[in-house]
Structure formats: structure tokens, C-alpha cells
Amino acid sequence: MKYIGKKTHRLDGFALSRGRPVFTDDLHLPHMLYLKVLRSPHAHARIKSIDTTAAANIDGIVSILTWKDFPRHYFTSAGQGYPEPSPRDMLILDQTVRFVGDRVAVIAAESLEIAQAALERIQVEYELLPAILDPKASIANPTVIHPETGPVDIYAADRNIAAYFQSELGDVDRGFKESALILEGEYSTPYVQQAHLEPHITLTWLDANGRLVIRSSTQVPFHVRRIVSELLVIPVGQIQVIKPRIGGGFGGKQEILNEELCAAVTLKTGRPARIEMTREEEFYAARSRHPEIIKLKIGVDAEGLFRAVDLNILENCGAYAPHALTVMSVTAQKALSLYRCPNIRVEAQAVYTNLPIAGAYRGYGTPQGIFALEVLMDEIANELNIDPIDLRLRNCQEVGDEIPIAKVLGEGSEGFPIVLHSTGLKDCLEEGRRSVQWQEARQEVKTGPIRRGIGVAAAGHGTGIPGIDMGSAFLKMNEDASFNLLVGATDLGTGSDTALAQIAAEVLEVPVEKIVVYSSDTDFTPFDTGAYASSTTYISGGAVKKAAEKVKEQIFSQGKKLLGVDQAVIRDGFVEADSGERISYAEICTRSMYTDDQMQIMATASHMSYDSPPPFNATFAEVSVDTETGLVQVERIVSVTDAGQIINPPMAEGQVEGAIPQALGMALCEHMIFDEQGAPINTDFTGYHIYTAADMPEIVVKFHEGHEPTGPYGAKAVAEIPISAPAPAVVNAIYNACGVRIRKLPIQPEDILRGLAQLS
Amino acid sequence: MLSVRFTLNGQPVTAEIHPGQTLLEYLRSTGFFSVKYGCGHGECGTCTVLVDNMAMNACLLLMPVLENRRVETLEALESDAELAELQELFIDEGAIQCGYCTPGMLLSLVALLREDSKPDINAIRDALSGNLCRCTGYVKPVSAAERFILCR
């Protein structure tokens, strides 16, 4: 292959490296209004009255909207497939506020300063309601967070259960009876933040024809168009959503957070409007990773082979439930499909609390489930005195294995049966074992106050949502043999525009520079469900490949006609007859446009897949533990990934290198904390520390290059798979270093010291 | 309103501002979009500019303190051959993902290189430690800077 698997510069690299104005906010519109949202200071309250008079009297205030200005139409902010699998439990503005940061009113002013000043002049009288801050206390609580009759598809609103499922495959009780060893534990993961550097930002205006234009930093432009259309009751055809370059998303922008408010102001006033969240608002009023409390019980035979798994998930979805059902469904699916097991059972509940709303975050439930599974695996290995790598190798899935849980747990309803067509997990584990000199490192003598240790964890993920995710592409040829590739796919910084151009270039046999990509504009690019679930290369890439094959066929056919031959080949940008006579791509296109058998060489294609081939990863962590202070230092991470055929090696490496510090953050230093009233405490990067360049351990990234038969040129997903295994690998390395077993993230020095005290 | 005189990208400017205005607000309102809002608290570095050759967070600088200072943004450095080479290495190395933090990172490296022509890897990491990046894990930005120093 000429372009697949080769280093290719990002198509947007020049503009981004020069700081060119390519982001949503890099545009000034005349007469633009600036929006600010008044947010609830209370975790749970009813608005008795709102007096906006004093605020409205400030010079420069144009509009103030409260709950009285919007119909009671329930929706979900989750940008997912349609009909949405998330409960419709929110209003644009409501009379009840359910967490500190919930929206109370929106102000539109001539400047940000004026809007800010007006915030303080709105007088709100609240009737305080009891707040639920502990997910374990939510179900039996006399307080009901969503008592209204309007919401749709809440599983049991009276018990604060947003979503629920249970399932059993095989006979789990019998499986435990047959087991030689049964171990169980409770594992919990924290509220963590996507922390993309560009905050949520949206601009809206009316174009010359009065159509609504939404320019937004979103991963899901087509879902934005659909949801805004429904909420503001304007036809889809009257809305254009444009996604420029995005400053990171990681799932945080798979959500309709501000677009409908901004559009409402533009529609009401006829003027351009801008809304941007502050960093502080990002921390408590945007989205986060669902904290989960997982009870996991595994029974194995004397050889360590799985006989039964029982998984119980309690997911805290916060005050509303976007992605609540599907995130815990992914937790279960990934935790229950990494290893072979004949008997599996799961019960999962998502409960409401009066805390910030969780949503989609890279990994989408997998890091929580893999954390529990991979720590318990280490405990089993220790108990049976089997090498942790060997225990995993014995239980690995093989090509041809069915993943029965995939059929049971789909995207909010029954899914599709999945058969494994490729797996490199064993190779990843073996490659890592060699690379870290596992035996020697494991057996290093532990003495002195600083103890070093090494641990391993494995993970599997998916590639797109089977039967749901759909991407499409439109490809047309120009007379200089360049091609415009128009895709609905959304490059959120991942480099997907470049990967899609490489796929088109490979098919068409032209240099990547000949492919001009335009993506994510609902007026000009065809539909795509959006950039999530690690789907773009696989799903949208499948559409690009099909469209390019059709275009190539047209070039070939026009070329043969122009040469007057039936037989020919395509070589080096020419159609060449047996005689050696040839005609260039450029001439074929030019003559097709202007003189001969006239037509535009172009094609469209769509792609959807019932397969969702799992990529795999094995992560090895080397840590040192200071037994005097409890401080854990990660010294090196070796991450080996099977993502099928790699399309663009530096970009794929970059996905892994970026996922690791996010995972280490969840393991060691990131968590959103709240006071006894539910108010957030750490809403900036000082209180909420994300990895800096100075904090980074040594990172070694390796790929086991396989071939996934269902993917474009053999590719599987790479964006999310590397984020799940680092946290359990660190936990297992800590155990190897000092014998302390951690089951709750993030790992705090006091947890280590407490564990050491218990040991001695 | 106040008048502040300083040099912006080599040009003398007189800015009419209100005293509470930050350099970040001023630069973005006058079209210098490489300087970005990320946190407003001087924690993330997306608004990095050079003030008298030092990398600083524009969101923390109130306009009056800039009197007689020399301010540079990435836009000014288009003609700087060394910076262009660093930019090309960022592209070649794959050091750019979403690109939101990239201008700030480049300016932090420029400030470092003006002070020390052969910094070691620890100095590079220190220089970048004020520029948060959630995409790259800093691996490729650091190696792009290392390559630049090796090629010098």
C-alpha cells in the first residue's frame, strides 16, 4: 500500500501551527450579543420567583430568558442515535434546579461585561429541597429528583433510577459451584472531567435568507441540527450547522450544551449571538465521566479458567441522565467480553443525584469496568500463584469466538451478535512481557522506603456502534485531478480528515495532497452520526472507500472510452491501453467536463456495519511507591495496542500518548469534589490537576499490526482503547511494589499509608 | 478609558482601553486569534504571548502594565525562519492534534530558545509545563523541540 500505514502530515497542520483563525470563536460578527447563564447556587431547589426587572434595566441588556419563556418540552442533551436511548428528562430551562450549576436564566447583552453585571441583578427566590449527594442513598430516598409527569423513558422516577438492565447468560450459580476459587470486590471510580482546552463555544446568526446558522465546537453537528430543530420548532431545512476546527472533545462535545440557548436568542432578536462556557463552568456545568461503584465476583477453576462472572453496577448519572443507560451498558459489555466465560450475569442501575451531569467521556464506561475486572484478575492471579500475564493468556478470546453479551446489550436495546474476526491481545501481552523484561522486574527485591513495582492490565473496546453508526461521503473530481472529499465525519483534533484522505488516495492511486477534505457542515456534507464510539476511521472510512471506488470506476470507464479501447489498466495517474497509449486523470476529467461524453465524475456512498470489531490493548506500568509519604510515582508506561492496520502511524501513536495521561489522571490525581451541600470545590486547573509536560512518565507505544477483515484496509479503532488499562496497571504495580491493594480511584497517598499500616 | 502605548509585533500601538481589560481580551478583540482563552486564570497557557521575550499568560496581564513593553504573538513570527522550522517539525513529528494549545507551546519554546540555544530535555519539559495539552501527552511536542535543537 502506498498511503495507508505511512506517515502523512495532518491536512490542518499548517493552519494550526500558524495559529490561523480556524476555531469557532475566531470570528467576529457585527452586532453580536453575548450570552451568560445564571446558574443555581443550590443542589436542589424550586424557583418560587424570578425578578429580572433590575437586570433588564441595565443599559445594554437585550434579552433575559427564564423558564417561563420556553414550553415544557422534554429532551436529552445526549448527541446519540435517534430515537435516543437516553431518558428525556430535561427542559431548556426549568422551574426546578437539580444541581449546583443548573441553568436558571440566560442573559443576552451588548457585551460580556454587561451580561456579567446583569447576572448579579437577577433576583431569584428559591425554595430549598433536600439534596441527594450519595448514589448509594438515592434509590430508597424519600426525595425524588424527577417527580414530574413529563419526562419520558426514566426507568423508575419514583426511586430515582434513571436506567436499569439485568441479564444472565448460562447458569451463573452453577458456574460458581463448579469454581475452585471465587473472589469478589467492590471497585469505585471518580467523577473526572474531559478537560478539553477549548471550552464549549457556539455562535449563531441568521443568514441573508433568514436561515439559522450554528457555528459550534461539537462532535455531533447533525444531532445538533436535529435537536435544535425539535426544541425551537423550526424545520431541519432552515438550519445550517458548521463545525470548524475543534479544540478537543473527548466526548464532552457529544452533547447539545448551549446551541439551543444561543439559537433561541438569535431567533428572538434576529441578531448574532455567542455563548462560551468559562473554565469554571466547564467543571461543574458541562459533562464528566460517570462515577461507578462496581461489585464484581469471579469464579475460576484450578487452572484459572473463568467459570462464572457476576457484575453489579451502580452508576451515578448526576441530576440528568444523558448517556446513562448506554455508558453502563458499555461498562458491562466490555468487562464481560474481554475473557471467555460460559456463565455471566449483570445487573446495572443508573441513579440520579443532585450532582453535576455525567455524559460521554473517552472510553464511555469501559475504563470503569476494565478497572474492576483487571484489578480482580490480579487478585486471582496472586491467589492461584499464576503469573498475571499467563492468567490473561489462558482466558483470552480467540478468532471465531462469539461475544454473546454483545447481542444482549446493544445501544439501549438488543444488539447484534459479534464474532471476533481478529484479535492481537495475546501478541500485545507477549510483546509487552518481552519489552519490560517482566520476570526480572516482577521479582526485584523490595527494600528501603522507596519500593518499585510493575503491573499489567488488558483491555478491549469496540469500533463504532453496530447497526447504528452510519457515515457517508461525497467525492467529486476536478480537472487538475484533485478531488473534493465531503464528509459528515467530524475531526475533533484526532486527524480523521487526514486518515479519510489517505483512504481516498489509496483507492484512487493519487497523492494525499490531491484530496481536498471538507467536513462537518450540514448544508454541504452528507450525514454522519458523529465523532464518537471510535467510529470515524472504520465507519466513515468505509463510506469514503466505497465512494472512491465508484469514482475510480468512472475515471477508468471514461478513460477507456476516450482511448477507444475495451482493455486498459490504471497506472501512475493514467489510464493506459495495452498498446501503451495512455491518458492522464487530468485530461479524462477535463474532457469529461467540457467536450466528450460530458459528465461530472463524482460519487456518493454510505456505510454502516453490524460488526464492531474490538481493538485490544495491554498496558504495563512501572511505579515507585514512597512508603513514608504514600506518594506513587509512575515511572514508565508501555502500551501495546492491536488496532488492526494502522492508517497513519504518528497519528495513531498520538492517540495512545494522549490517552495515557488522561488515564493516569483518573488513577492518581483527577477527581471532582463537592462540599456537603453539593457545591463543587475544585473548579480550576489548580484544584483539579491534569498532567503537565513535567509530570509525564516515560511512554513507550507499540502496535501489534493485524488485519481486521471488516475494516477499511484492515483498520480497527484506536482512539479509546488505550485509555482503559493504565489505571488498573498502576494499581497492580502498586500491589507488586508494596503489597497494598487499591480498589478505589483516584489513589491518594493516605490510601497507600492506610494500606501499609494494615499490612504491618 | 486609558491610553497604553506598547509595541505589538514590532509595531508601536496606542490602545484605548478600560483599566480592567486584559491583554487577552485586547488581542482577541483586535483579531490576534492565535491567542486563545482556555481558563482565564493563568493555568493553561493557551493565551501565551511573549512580553519582552518572556512567555506570559495574556489572561493575567492587565493592559496598563504593558506600557512601554514589547509584546509578540505567533502572528508576528511568520517571518521568523527558526520558528517556521519549529512549526514544520511540529507538523512532521505529529505534535499537533487539536492544535488549540499549539501557538502557546510554540511561544513557550521560542522564549526558552531565546534564553538558551541548547536546552536539554528537562528544560524543554519545564518550558512546556505551563502549556496544558489534553491530546498529545506532550510526547511529540517535546520530541519536535528536541529535533529542532539537534538540527541547529
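Conventions adopted
- Residues numbered from 1 in each chain as written.
- Chains lettered and ligands numbered in written order.
- Predicted model: local features only at pLDDT ≥ 70, side-chain atom pairs only at ≥ 80, totals over all residues.
- Helix = DSSP H or I, 4+ residues; strand = E, 2+ residues; numbered from the N terminus.
- Rg over C-alpha atoms; globule rule 2.2 N^0.38 Å.
- Contact = placed C-beta atoms within 7 Å.
- Domains from an automatic or database assignment.
- Nonpolar A, V, L, I, M, F, W, Y, C, P; charged D, E, K, R; others polar.
- Pairing = 2+ DSSP bridges.
- Axes fitted to C-alpha atoms, helices over the stretch in contact; angles between N-to-C directions.
- Core = buried A, V, L, I, M, F, W, Y, C linked by C-beta atoms within 7 Å.
- Buried ≥ 20, exposed ≤ 12 C-beta atoms within 10 Å, placed from the backbone.
- Expected span 1.5 Å × (residues − 1).
- Parallel < 35°, antiparallel > 145°, perpendicular 65-115°, else oblique.
- Left-handed = near helix turned anticlockwise from the far one by under 90°.

Asker: A description of the overall build of chain A should follow, citing residues and the corresponding values.
Answerer: Scanning chain A for helices and strands turns up 19 helices and 28 strands. A globule of 760 residues ought to have a C-alpha radius of gyration of about 27 Å, and chain A, at 27 Å, matches this closely. For the C-alpha atoms alone, the extent of chain A along its principal axes is close to 85 × 70 × 50 Å.

Asker: So, the overall build of chain B: which residues are in play, and what are the values?
Answerer: Looking only at helices and strands, chain B has five helices and five strands in total. Its C-alpha radius of gyration of 15 Å places chain B within 12% of the 15 Å reference for a compact globule of 152 residues. Long-range pairs, those at least 24 residues apart, make up 59% of the contacts in chain B between residues at least 6 apart in sequence.

Asker: An account of the domain arrangement of chain B is requested, with residue identities and associated values reported.
Answerer: Residue and element names in this part refer to chain B. Splitting chain B by domain gives domain 1 (2-76) and domain 2 (77-151). Relative to domain 2, the C-alpha centre of domain 1 lies at a distance of 21 Å. Each partner contributes residues to the interface: domain 1 has 16 residues there, and domain 2 has 15 residues. Of all the elements in the fold, those that place two or more residues in the side of domain 1 that touches domain 2 are β3 (48-51) and β4 (54-57). At three residues, the largest contribution of residues to the side of domain 1 that touches domain 2 is made by β3. A class-by-class count of the residues in the side of domain 1 that touches domain 2 yields eight nonpolar, five polar and three charged.

Asker: So what's going on with the sheet that holds strand β21 (residues 515-519) of chain A? Which residues, and what values?
Answerer: All names here are of chain A. Pairing within the open sheet is mixed, and its four strands lie in the order β21-β20-β19-β25. The open sheet is flanked by β21 and β25 (602-608), the only strands paired with a single partner. The sheet shows a mean angle of 20° between the axes of neighbouring strands, direction not considered. Examined bridge by bridge, strand β19 (residues 470-477) and β25 share seven bridges and lie antiparallel to one another.

Asker: So what's going on with the domain arrangement of chain A? Which residues, and what values?
Answerer: Residue and element names in this part refer to chain A. When cut into domains, chain A gives domain 1 (292-465 + 611-759) and domain 2 (466-608). Between domain 1 and domain 2, the residue contacts involve 25 residues of the former and 21 residues of the latter. When the residues that make up the side of domain 1 that touches domain 2 are grouped by side-chain class, the tally is 12 nonpolar, nine polar and four charged.

Asker: An account of the nonpolar core is needed here, citing residue identities and associated values.
Answerer: All names here are of chain A. In terms of nonpolar packing, the biggest core is built from 290 residues, with L35, I107, L485, A504, V730 and I734 touching the most fellow members. Looking at this core, the element that brings in the most residues is helix α17 (residues 649-668), giving 10 residues. In contact with V730, not counting residues within four places along its chain, are G455, A621, V623, V634, L664 and A667.

Asker: Describe the interface of chain B and chain A, naming the residues involved and giving the relevant values.
Answerer: The interface of chain B with chain A comprises 38 residues on the first partner and 44 residues on the second. Those elements giving two or more residues to the side of chain B that touches chain A turn out to be α2 (81-93), α3 (102-115), α4 (121-128) and α5 (139-151) of chain B. Among the elements that line the side of chain B that touches chain A, the one with the most residues is α2 of chain B, at four residues. A class-by-class count of the residues in the side of chain B that touches chain A yields 17 nonpolar, 13 polar and eight charged.

Asker: Lay out helix α9 (residues 366-384) of chain A with the relevant residues and their values.
Answerer: All names here are of chain A. Look at α9: 26 Å from first C-alpha to last across 19 residues, which is about the 27 Å you get at 1.5 Å a residue. Taken across its 19 residues, α9 has 15 buried, putting it largely inside the fold. Positioned one or two residues after α9, N385 has a phi angle of 60°, which is positive.

Asker: Account for the pairing of strand β26 (residues 616-626) of chain A, with residues named and values stated.
Answerer: Residue and element names in this part refer to chain A. Burial analysis of β26 places nine of its 11 residues in the buried class, which makes it a mostly covered element. The pairing of β26 with strand β27 (residues 632-642) spans 10 bridges and is classified as antiparallel. Its bridge partner being in β27, E622 is matched across the sheet by R636. Joining the antiparallel neighbours β26 and β27 is a turn of five residues, in which G630 adopts a positive phi near 85°.

Asker: Give a description of the environment of D675 of chain A that names residues and reports values.
Answerer: Residue and element names in this part refer to chain A. With respect to the helices and strands, the residue D675 is situated in the loop between α17 and β28 (698-703). Classification of D675 as exposed rests on a count of 11 C-beta atoms within 10 Å. Sequence spacing of D675 and I468 is 207 residues, and the spatial spacing of their C-alpha atoms is 40 Å.

Asker: Any details on the pairing of β4 of chain B? Residues and values, ideally.
Answerer: Regular strands place their side chains on alternate faces of the sheet. Pairing geometry for β3 of chain B and β4 of chain B, over four bridges, is antiparallel. Looking at β4 of chain B, one finds that V49 of chain B is bridged to M56 of chain B.

Asker: Outline the packing of helix α14 (residues 496-508) of chain A against helix α15 (residues 536-563) of chain A, listing residues and values.
Answerer: All names here are of chain A. Closest axis-to-axis distance for the α14/α15 pair is 9 Å, and the angle between their directions is 30°. Considering their axes alone, α14 and α15 lie roughly parallel with respect to each other. Remark: the crossing between α14 and α15 carries right-handed chirality. Together, S496, A499, L500, I503, A504, V507 and L508 of α14 and T536, T537, S540, G541, V544, K545, A548, E549, V551 and K552 of α15 make up the contact between the two elements. Broken down by class, the residue content of the contact of α14 with α15 amounts to nine nonpolar, five polar and three charged.

Asker: Describe in detail the sheet that holds strand β24 (residues 582-584) of chain A, supporting the description with residues and values.
Answerer: All names here are of chain A. Sheet architecture is open: three strands sit in the order β22-β23-β24, paired in antiparallel fashion. With partners counted over all chains shown, the strands left at the sheet margins are β22 (568-571) and β24, one partner each. Neighbour to neighbour, the strand axes of the sheet diverge by 20° on average, direction disregarded. Pairing geometry for β22 and strand β23 (residues 574-577), over four bridges, is antiparallel.

Asker: Which residues make up the packing of α3 of chain B against α4 of chain B, and what values go with them?
Answerer: Residues and elements named next belong to chain B. Across the interface, α3 lies against α4 with an axial gap of 9 Å and an inter-helix angle of 130°. Here α3 lies oblique to α4, going by the angle between them. The crossing of α3 and α4 is right-handed. Facing α3, whose interface residues are M105, S108, L109 and L112, α4 presents A123, A127 and L128. Residue composition of the contact of α3 with α4, grouped by class: six nonpolar, one polar and no charged.

Asker: Describe α5 of chain B, listing the residues and the values that go with them.
Answerer: With 13 residues, α5 of chain B should cover 18 Å at 1.5 Å per step; its first-to-last C-alpha distance of 18 Å lies within 8% of that length. Buried residues along α5 of chain B sit against α17 and β28 of chain A together with α2, α3 and α4 of chain B.

Asker: Lay out unusual backbone geometry with the relevant residues and their values.
Answerer: Residue and element names in this part refer to chain A. Omega for the peptide link from Y82 to P83 comes to -5°, which places this bond in the cis form. Relative to the helices and strands, P83 resides in the loop between β3 (61-66) and β4 (96-97). Going from L745 to P746, the amide bond is cis rather than trans, its omega being -10°. With respect to the helices and strands, the residue P746 is situated in the loop between α18 (726-738) and α19 (749-759). Phi is positive for N385, close to 60°, though the residue is something other than glycine.

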